[in-house]
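# Geometric and topological summary
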Amino acid sequence: MLATRNAHKAEELTRILESFDLAVELKLVSDFPGAPEVEETEDSFSGNALLKARALCRFTGLPAIADDSGICVDALGGNPGVLSARWSGATENVDTSNLELVLQQTADVPEAKRGAQFVCAAVVVFPDGTELISQGEMPGRILIAPQGKNGFGYDPIFVPVGFTKTTAEMTSAEKDSISHRGIALRNLAEQLKGK
Ligand code: IMP
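Residues numbered from 1 in each chain as written. Predicted model: local features only at pLDDT ≥ 70, side-chain atom pairs only at ≥ 80, totals over all residues. Heavy atoms only, no water.

## Let's talk about unusual backbone geometry
Asn-79 connects to Pro-80 through a cis peptide bond whose omega is -5°. In this structure, Pro-80 sits in the loop between β1 (64-73) and α3 (94-105). Residues other than glycine seldom take positive phi values, yet Asn-93 does so here, at roughly 45°. Mapped onto the elements of the fold, Asn-93 is located in the loop between β1 and α3. (Helix = DSSP H or I, 4+ residues; strand = E, 2+ residues; numbered from the N terminus.)

Take a look at the structure:
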């Protein structure tokens, strides 16, 4: 089962996992009424992904896949990092508020210092206690204004290394082929195939 309540992430995870021919049937948190809300209290991506997967594996009795991800901005000392989803503290229009706060906080940062990377830890926890962990990174830089309508979260301000467009201007397939989530899941799928 996919241990995420983020619809955008569930869509990307499903899309990427289905491309691997793993012969698994994916279930969503919404298929399990009463599933626990998991607080992300760890200070690492893998720590938080494990918290989510362990809790949902325990609740459903099924192997659970979780990802924890975020954007680490050099000029902000690696923040928002694991706090990416909660950076602005907003409860409405969350993605836009988070992105606008990062733009505000980096408004005076010169081009040469606008480095950033997306990071994704992807894990699977099995009912027998086996845990598989993988991490992917996508290096790039952040813009001074949003560009593009695809994707979600910080995509409209992120340009990966080697590109001149944001991940919000890419097709799903293009983003998946280079993204932190794509890299982490491809590695996880390899580990799953070996099981
Ligand atoms: P969490 O993994 O549920 O803690 O949320 C991660 C947050 O990081 C998301 O809500 C987004 O704001 C951001 N994020 C993670 N991956 C991406 C991505 O692929 N594109 C844009 N934003 C992302």
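## With respect to the site of the ligand
The ligand sits among 17 residues. The nearest are Lys-9, Ser-69, Asp-155, Lys-175 and Arg-181. Contact distances for the ligand include 2.9 Å between a nitrogen atom and a side-chain N or O atom of Asp-155. His-180 has a polar side-chain atom sitting 3.1 Å from a nitrogen atom of the ligand. Alone, the ligand offers 490 Å² of accessible surface; in the complex the protein occludes 95% of this. For the shell around the ligand, the secondary structure elements donating two or more residues are β1 and α5 (180-193). Top contributing element to the shell around the ligand by residue count: β1, with three residues. Tallied by class, residues from the shell around the ligand come to four nonpolar, six polar and seven charged. (Near = heavy atom within 4 Å. Polar contact = N/O pair within 3.5 Å; in protein donor to acceptor, adjacent residues only side chain to side chain. Areas by Shrake-Rupley, 256 points an atom, 1.4 Å probe, with all protein chains shown as cover. Nonpolar A, V, L, I, M, F, W, Y, C, P; charged D, E, K, R; others polar.)

## What about α3?
The first and last C-alpha atoms of α3 sit 17 Å apart over twelve residues, in line with the 16 Å expected at 1.5 Å per residue. When α3 is considered as a whole, its buried residues turn out to be Asn-98, Leu-99, Val-102 and Leu-103. Angular distribution of buried residues about the axis of α3 spans 135°; they occupy a single face of the element. Where the residues of α3 are buried, they touch β1 and β3 (131-142). (Expected span 1.5 Å × (residues − 1). Buried < 20%, exposed > 50% of the residue type's maximum accessible area, 1.4 Å probe, protein only. Arc of directions from axis to C-beta. Contact = heavy atoms within 4.5 Å.)

## Some thoughts on the nonpolar core
Judged by nonpolar contacts, the single largest core of 17 residues is most densely connected at Leu-17, Phe-20, Val-124, Leu-185 and Leu-188. Listing elements by their share of this core, those giving two or more residues are α1 (7-18), β2 (115-125) and α5. In terms of residue count, the dominant contributor to this core is α5 (five residues). Beyond its immediate stretch of four places on either side in the chain, Leu-17 contacts Leu-2, Leu-22, Leu-26, Ile-65 and Leu-185. The next biggest cluster of nonpolar side chains, apart from the first, holds 15 residues, and it includes Met-1, Val-29, Ala-35 and Val-123. (Core = buried A, V, L, I, M, F, W, Y, C linked by side-chain atoms within 4.5 Å.)

## Focus: the pattern of salt bridges
Under the counting rule described, the total for this entry stands at 15 salt bridges. Close ionic contact of Glu-11 with Arg-15 constitutes a salt bridge, the shortest N to O distance being 3.8 Å. Taken as a pair, Glu-11 and Arg-15 lie in helix α1 at a separation of four residues, close to a single helical turn. Note that Arg-86 is salt-bridged to Glu-40, the shortest N-O span being 3.8 Å. Of this pair, Arg-86 sits in the loop between β1 and α3 while Glu-40 sits in the loop between α1 and α2 (45-60), and the two are 46 residues apart along the sequence. A residue is classified by how much of its surface remains accessible, and Glu-40, at 24% relative accessible area, is partly exposed. Here the salt bridges share partners, and the residues they tie into one network are Lys-9, Glu-12, Asp-67, Asp-155, Lys-175 and Arg-181. (Salt bridge = Lys/Arg side-chain N within 4 Å of Asp/Glu carboxyl O.)

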